[in-house]
Amino acid sequence: MTPKESIIKLDTVDDYNRLFGLETLHPLVTVVDLSEATKYPTHFTVNYGLYALYLKDTKCGDIRYGRQTYDYQEGTVVSFAPGQIAETSMEQGVSPKAKGILFHPDIIKGTSLGQEIKSYSFFSYNSTEALHLSEDEKTIFADCLDKIKMELNHPIDKLSKRLIARNIQLLLDYCMRFYERQFATRKASNRDILYKFESLLDAYFQDNKPQTEGLPSVRYFAEKVFLSPNYFGDLIKKETGKTAQEYIQNKLIDNAKQMIAGSDKTISQIAYELGFQYSQHFNRVFKKNVGCTPNEYRSQMSAN
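About the criteria used
Residues numbered from 1 in each chain as written. Predicted model: local features only at pLDDT ≥ 70, side-chain atom pairs only at ≥ 80, totals over all residues. Heavy atoms only, no water. Helix = DSSP H or I, 4+ residues; strand = E, 2+ residues; numbered from the N terminus. Buried < 20%, exposed > 50% of the residue type's maximum accessible area, 1.4 Å probe, protein only. Contact = heavy atoms within 4.5 Å. Areas by Shrake-Rupley, 256 points an atom, 1.4 Å probe, with all protein chains shown as cover. Core = buried A, V, L, I, M, F, W, Y, C linked by side-chain atoms within 4.5 Å. Phe/Tyr/Trp six-rings, centres within 6.5 Å; stacked < 30°, edge-to-face > 60°. Pairing = 2+ DSSP bridges. Expected span 1.5 Å × (residues − 1).

What to know about the overall build of the protein chain
Part 1 of the argument: Along its length, the protein chain carries 12 helices and 10 strands.
Part 2 of the argument: Across the 304 residues that make up the protein chain, the buried fraction comes to 45%.
Part 3 of the argument: A sequence separation of at least 24 residues applies to 71% of the contacts in the protein chain between residues at least 6 apart.
Part 4 of the argument: Total accessible area computed for the protein chain in this model is approximately 15900 Å², and 49% of it derives from carbon and sulfur atoms.

Rendered as structure tokens:
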């Protein structure tokens, strides 16, 4: 994006449809087929005020999110949530072939999807973590879009919002299943990431990073393995049954126990060396995980 290029704010469904010359059937939801577009902007950057999910049928351009280009070839799905900015470059002379859905947050307010939308963590995955679909999965994705579009063509009544939201949720649930399959088929590479995480976590404490970096965070390790925090967290959960935060905290407590039982350092000094700003915070975390205070734990270890 050049410094002079303005960012297009897509706050409404109609904003998007006007960008590509598409018809707006509903003010809060649109099912798009870019092969039907009457306008083809070749290079643009948008700030999404909507949720968006696209299935790309052919290679017709690139999407950049941050500094990375989406791994976005034929048969892949990418998604955006409100507040995300993406830069798109379309190849000259090539008509875009992609299908998808965009919906405003208002359409899901007061619905079960509205309560659960944060659980669809793939909306926050990085550009290199696109979803790659099989032929059968592409058919399911397209069928879900068809169901939503059929409802958009139906005259609006008191059940419209509920049925639209439920069908959107069905599509998102299928995408969650497809990501589960993708995690499973990439098990070998996932195990490599887990081993690297374990090594990085050990090194974090051995290199005294808590004293300079503070308490270890999921974001820190995700960046070290070039993944988004959400994707990294989901991967660790699927490989270990624990969240990345739980994994980090267990390592933290193990180190704390060793320092309490194996040294004469004060509890305040141990708290500082583990990355805590305040020893009271350390005491609370330790007691929550171990069932007793650090001083009580030291007394128990001394008595044994």
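Here the narrative resumes, following the displayed structure.
Some words on the nonpolar core
One broad trend across soluble globular proteins is that nonpolar side chains are buried collectively.
Part 1 of the argument: Core analysis: the largest hydrophobic core is formed by 66 residues, its most contacted members being Leu53, Phe232 and Phe282.
Part 2 of the argument: The next biggest cluster of nonpolar side chains, apart from the first, holds 21 residues, and it includes Val32, Leu34, Phe44 and Val46.

A look at the packing of aromatic side chains
Part 1 of the argument: Tallied over the entire structure, the rule returns 23 aromatic pairs.
Part 2 of the argument: Ring centres of Phe276 and Phe282 lie 5.2 Å apart, and the angle between their planes is 55 degrees; this geometry places the pair in the tilted category.
Part 3 of the argument: Residue classification places Phe282 among the buried residues on the basis of a relative accessible area of 1%.
Part 4 of the argument: Here the aromatic residues Tyr51, Phe103, Tyr120, Phe122, Phe123, Tyr179, Phe183 and Tyr231 are joined through ring pairs into a cluster of three or more.

Quick look at the pairing of strand 4 (residues 51-56)
Part 1 of the argument: Counted residue by residue, strand 4 has 6 buried out of 6 residues, so it is predominantly covered.
Part 2 of the argument: Alternating residues of strand 4 divide into Tyr51, Leu53 and Leu55 and Ala52, Tyr54 and Lys56, and every residue in both groups is buried.
Part 3 of the argument: Looking at chain direction, strand 4 and strand 9 (residues 98-103) are connected through 6 bridges and run antiparallel. Paired with Lys56 across the strands is Ala98, a residue of strand 9.
Part 4 of the argument: With 5 bridges connecting them, strand 4 and strand 7 (residues 76-80) associate as antiparallel partners.

What to know about helix 8 (residues 229-240)
Part 1 of the argument: Across its 12 residues, helix 8 extends 16 Å between first and last C-alpha, which sits within 8% of the 16 Å expected from 1.5 Å per residue.
Part 2 of the argument: For helix 8, the full list of buried residues reads Tyr231, Phe232, Gly233, Asp234, Leu235, Ile236 and Glu239.
Part 3 of the argument: Taken together, the buried residues of helix 8 touch helix 4 (160-185), helix 5 (187-206), helix 7 (218-224) and helix 9 (244-262).

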